[in-house]
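Residue-level structure breakdown
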Amino acid sequence: MKRHILLALVSGALIVVLPALAQTPSAGQPPAPGAAPEQKQAPPAPKPPDSDDGISNTAATCRNAAACLPGESVRVAAAGPALAKTVAVTLRPSNTTDAPVSSDAKWDGKTLLVTIPQDAPDGRYSLCVKPCPADKPDYSEFSPSQIVVQRPTITAVSPAAAFAEKNGDNIVIILGTGFWYGKSEIKPAHVGIDPDDKRVQLRFNAIGTPNRCVGKGCYELKVDSDRQITLTFHKLDSSYYKGKMNFVVSVDGVDTDPATLTLINTTQSTPITVAVVGFTLILLLIYFLLRSGEHATKQTMGGKTYWLSTLFFDVQTNSYSLSKCQFYAWTAAAVIGYLFLAVSKSFVQGSAIFPDIPPGLPGILVASVGTVVLSSGISSAKGDKGAGNQGPNLSDFIATGGVVAADRLQFAIWTIVGIGTFLAIVFQSDPRNINDLPAIPAGFLQLMGISSAGYIAGKVARKAGPTISALALSSTDSSALRFQITGSGLSRSAIFAIDDQTIFPDIVLGKDEQKGPPEILQTDSTAGDQDFARVLAFSIAKPPSAWFGKGHTFTITNPDAQKATVPYEVFIGTSAEAQTDTTKTPPETRLTISGKSFDSTLAVQYNPTGVATPTEITATPTVNETTYTVTIPSLTAAAGDTVTLSCPSGVKQTLQVTVKAPAASV
């Protein structure tokens, strides 16, 4: 009896349970029609690690759904009804005008492993499981809700043409997006970037890609971020330094669009260095040419020798010529600029061409040559400028005869401004893309023309200035000193000075040694003024002894303040000492005269006391600049004796002799 009752209970339970089991959906199938919406699928039992269904152990290759490459797989958590192991999904672009993309996905009960098609365009996508009804595009709830497909892209190459560093390396920065990916290893976000990640590669299209390494003849690639790559090229073969090269960056086998870069096998300072060194070599050549003819080119004035400055030297005025200097300066600027352009084209840009001369520069050089020619012509026809202070001075470039001339100053200033601006623009130009030298603006050419015209007009308007080619000092008697000046532009109304001390007109003796203006011995026909002379003479009665000796200067200043200065020297004796050797028969007297500016042309007479005829000294003397020593035979020195010194020009001086006690021997 009990047994029958137990069987009846089991049978009733089965009748109740089996219909319920029949209504429960199996894993991977949609719920049966009419099922209550609140019914949830039971989570599938976790599979063991060694499951061989090919789903759970499949790794996603896109670490971040916000940036995935075509061909990569991304794992997406799905919340919703159970799916089949392999399902079709649709990637719907956020831009509704683009077509959806279909792909396959693997379902492991919790997540979908979605493979991004190789032809998927870049963009942001949302997922849905096919079919995707229009009223319900998302069949399930996904996390992340969107996938971003992003191919690596190069947006900029900096610099596009890379100079070599001091160590010979070329460094290039690649800017873009999508540079940080990898299939072989998944790193947590906090680990950071592997700068030497070999999954990011460089490839040249038309030339072989060098080896990737750290050393000579290879390149080094560092991924700084997903937006920047640093390339360092270590002294590559010469074939890589011949202009633009097309390249791509490959990230996990996905290439960027082609970009270009240029490697330059010189430093950025090379064009400037070569231009300056080249111009220096030209100067050295000129130097050696001048040295080879030094005897013909050097000028000696005031004890100083000038020979290199003969490039700027005006022989007629013994001063520097502004027009010559301006011509040489523009020529130098043109040469330096042209060398910079030629080196930039050949060594930096790899373009073996003969660079053209920039427009405007020939005009400047023509104007400079014209200024030199006109200046010389005016000087020949009208007379030279004033010579100014002794010897050439830098002030000669802005002054005439020691007086600053506004036209010369303006001409010099605009020359400096023009050349300085031209060279500054040249040296600031990028050798990688310079195609021509800076053009001289038409306005500046006009300004230079006006400045040159003003310079020429100033020479025409000004009277000739004084120049002194020779100064002769002589004397007709012992009480007067005669000055004879040879040169050009010497005004009869000029003011004269010795050592910057004015010679007042009331002591000037003119014609026939009479008080009055200096005597014109030869007029200056080029000056256009009868008051101007080429040879001018005057005398000074009883000149001060301070005017004699060495190291003095003579200055003539014309009425328009132009002047010329030359050095001069006239011998002067300060003492005469005689000592007689009475042991000689007849006695001999040794005469020693001290003074300044002595030379072998000096003549000496000994005047014994009470003797009408002086003794001409014919013995050979020993002479230097400060002493005159001679032994006079048949003469005994006595108190009251004098000596008279004279030079070939007639200047004389008489000294009282100091007699020393007789010596036993001399």
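Residues numbered from 1 in each chain as written. Predicted model: local features only at pLDDT ≥ 70, side-chain atom pairs only at ≥ 80, totals over all residues. Heavy atoms only, no water.

Notes on the overall build of the protein
- Looking only at helices and strands, the protein has 7 helices and 40 strands in total.
- For the protein, the proportion of its 666 residues judged to be buried stands at 41%.
- Taking the intrachain contacts of the protein between residues at least 6 apart in sequence as the baseline, contacts between residues at least 24 apart amount to 64%.
- For the protein, the computed accessible surface area is about 34900 Å², with 58% contributed by carbon and sulfur atoms. (Helix = DSSP H or I, 4+ residues; strand = E, 2+ residues; numbered from the N terminus. Buried < 20%, exposed > 50% of the residue type's maximum accessible area, 1.4 Å probe, protein only. Contact = heavy atoms within 4.5 Å. Areas by Shrake-Rupley, 256 points an atom, 1.4 Å probe, with all protein chains shown as cover.)

Examining the pattern of salt bridges
- A complete count under the given rule lists 8 salt bridges for this structure.
- Taking the shortest distance from any N to any O, the salt bridge between Asp-255 and Arg-203 comes out at 2.5 Å. In this pair, Asp-255 is assigned in strand E16 (residues 254-255) and Arg-203 in strand E11 (residues 200-204), connecting sequence segments 52 residues apart.
- For Arg-203, a relative accessible area of 35% translates into the label partly exposed. (Salt bridge = Lys/Arg side-chain N within 4 Å of Asp/Glu carboxyl O.)

Let's talk about the sheet that holds strand E37 (residues 622-623)
- Spatial strand order, E36-E35-E39-E40-E33-E34-E38-E37: 8 strands in an open sheet with mixed pairing. Looking along the sheet, the strands with just one partner apiece sit at the ends: strand E36 (615-616) and E37.
- Here 7 bridges tie strand E34 (residues 588-596) to strand E38 (residues 627-633), and the two strands are oriented antiparallel to one another. The residue of E38 that forms the bridge with Thr-589 is Ile-632. (Pairing = 2+ DSSP bridges.)

Notes on the pairing of strand E30 (residues 532-541)
- Across the 10 residues that make up E30, a large majority, 8, are buried.
- Sheet analysis places strand E25 (residues 480-491) next to E30, joined by 9 bridges and oriented antiparallel. Across the sheet, the residue bridging to Leu-481 is Ile-540, located in E30.
- The pairing of strand E28 (residues 508-509) with E30 spans 2 bridges and is antiparallel.

Some points on the packing of aromatic side chains
- Following the criterion strictly, the structure yields 14 aromatic pairs and no others.
- Members of the aromatic cluster, joined through ring pairs, are Phe-483, Phe-496, Phe-538, Trp-547 and Phe-554. (Phe/Tyr/Trp six-rings, centres within 6.5 Å; stacked < 30°, edge-to-face > 60°.)

Considering the nonpolar core
- Within the largest apolar cluster, 46 residues are counted, with the highest numbers of intra-cluster contacts made by Phe-483, Phe-554, Leu-591, Ile-593 and Tyr-606.
- Look past the residues within four positions of Leu-591 in its chain and what remains in contact with it is Ala-576, Glu-577, Ala-578, Val-604, Tyr-606, Ile-617, Tyr-628, Thr-629, Val-630, Ile-632 and Val-643.
- If you look at the next biggest cluster of nonpolar residues, it comprises 27 residues, including Val-172, Val-200, Phe-204 and Tyr-219. (Core = buried A, V, L, I, M, F, W, Y, C linked by side-chain atoms within 4.5 Å.)

Looking at the side chain of Lys-345
- Turning to its location among the elements, Lys-345 is positioned in helix H4 (residues 322-348).
- Of the side chains bearing the opposite charge, Asp-436 lies closest to the buried Lys-345, which forms no salt bridge; the N-O distance is 8.3 Å.
- Setting aside residues no more than four positions away along its own chain, Lys-345 makes contact with Gly-350, Ser-351, Ile-353, Pro-355, Ile-434 and Asn-435. (Lys, Arg positive; Asp, Glu negative; His and termini not counted.)

Looking at the state of the cysteines
- Overall, the coordinates contain 1 disulfide when judged by the stated rule.
- A sulfur-sulfur separation of 1.9 Å characterises the disulfide bridge that pairs Cys-213 with Cys-218. Classification of the bridge connecting Cys-213 and Cys-218 rests on its S-S torsion, roughly -115 degrees, and on that basis the disulfide is left-handed.
- A residue is classified by how much of its surface remains accessible, and Cys-213, at 32% relative accessible area, is partly exposed.
- Among the residues examined, Cys-218 registers a relative accessible area of 1% and is labelled buried. (Disulfide = S-S within 2.5 Å.)

Thoughts on the environment of Cys-325
- Relative to the helices and strands, Cys-325 is located in helix H4.
- The sequence separation of Cys-325 and Thr-415 amounts to 90 residues, and the corresponding C-alpha distance is 9.7 Å.

Here we look at the sheet that holds strand E10 (residues 169-177)
- Reading across the sheet, the 5 strands line up as E8-E10-E14-E13-E12 and stay open at both edges, with mixed pairing between neighbours. Taken across any chain shown, the strands that pair with only one partner, and hence form the sheet edges, are strand E8 (153-158) and strand E12 (211-212).
- Of the pairings in the sheet, the one linking strand E13 (residues 218-225) to strand E14 (residues 228-234) comprises 7 bridges and is antiparallel in character. The residue of E14 that forms the bridge with Val-223 is Ile-229.

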